[in-house]
Amino acid sequence: MYRALTRDIEVVVEPFYLEEQSDPDDDRYVWGYRIVISNHSEKAVKLVTRYWHITDMNGIVDEVTGPGVVGEQPHLKPGDTYEYSSGCPLDTPSGMMFGHYQMETDDGELFHVKIPAFSLDTPNLLRTLN
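Computed from a predicted structure; not experimentally measured.

Right, let's talk about the pattern of salt bridges for a bit. All told, the structure shown has four salt bridges when counted by the stated rule. As a salt-bridge pair, E14 and R34 come within 3.6 Å of each other at their nearest N and O atoms. Here E14 is found in strand β2 (residues 9-17), whereas its partner R34 is found in strand β3 (residues 29-39), with 20 residues between them in sequence. Of the residues examined, R34 reaches a relative accessible area of 29% and is grouped as partly exposed.

Turning our eyes to something else, we now look at the sheet that holds strand β7 (residues 81-90). Sheet architecture is open: four strands sit in the order β1-β2-β3-β7, paired in antiparallel fashion. In the strand order of this sheet, the two ends are held by β1 (2-6) and β7, each with one partner. Here the strands of the sheet are splayed against their neighbours by 20° on average, with no regard to which way each runs. Two elements, β2 and β3, share nine bridges in a ladder whose sense is antiparallel. Its bridge partner lying in β3, E10 is registered against S38.

A few words now on the pairing of strand β9 (residues 110-121). In this structure, strand β8 (residues 94-105) lies alongside β9, joined through 10 bridges in antiparallel fashion. Each bridged residue has a counterpart across the sheet, and for G95 the counterpart in β9 is L120. The hairpin turn running from β8 into β9, its antiparallel successor, is four residues long, and G108 in that turn takes a positive phi close to 95°.

What counts as what
Within each chain, residues carry numbers counting from 1 in the order of the written sequence. Totals for whole chains, interfaces and linings use all residues, but because this is a predicted model, local features are given only for residues with pLDDT of at least 70 and pairs of side-chain atoms are given and counted only at 80 or more. Neither water nor hydrogens contribute to the side-chain values; these are computed over all heavy atoms in the structure. The term salt bridge refers to a pairing of a side-chain nitrogen on Lys or Arg with a carboxyl oxygen on Asp or Glu at a separation within 4 Å. Each helix corresponds to a stretch of at least 4 residues labelled H or I by DSSP, and each strand to a stretch of at least 2 residues labelled E; elements are numbered beginning at the N terminus. Relative accessibility decides the category of a residue: with a 1.4 Å probe and only protein chains considered, values under 20% of the type maximum give buried, values over 50% give exposed, and everything between is partly exposed. Two strands qualify as a pair provided DSSP detects at least 2 bridges between them. Axes here refer to lines fitted to C-alpha atoms; in helices the fit is confined to the stretch in contact. Angles between the N-to-C directions go from 0 to 180 degrees.

Next up, the structure:
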């Protein structure tokens, strides 16, 4: 699992390979990831937007932005958690993702919450270290 804490908002990511949706013979590799956002702060926050920076093992970058996550803009009161799952297809057997959420407090303050970098690796992937 991967963790990041920004202004007492914790983001935990657990990626997993989706073999049944992948087709290596057709250069299609698919991962799912589960994210838990926990509000350890004293203020309520709303997740307004998301930003993803996705890089495959060839260095090809894809950036994704949009409102909320999985069609929702969750509002988290102090002590609340929000969990969701999503996925990411790549043309290569490994890659990485990181990003941020834009949050808004109930009094209108906007700030970014870091999504930790995490790797997307197919099981049994052979790596060569230089």
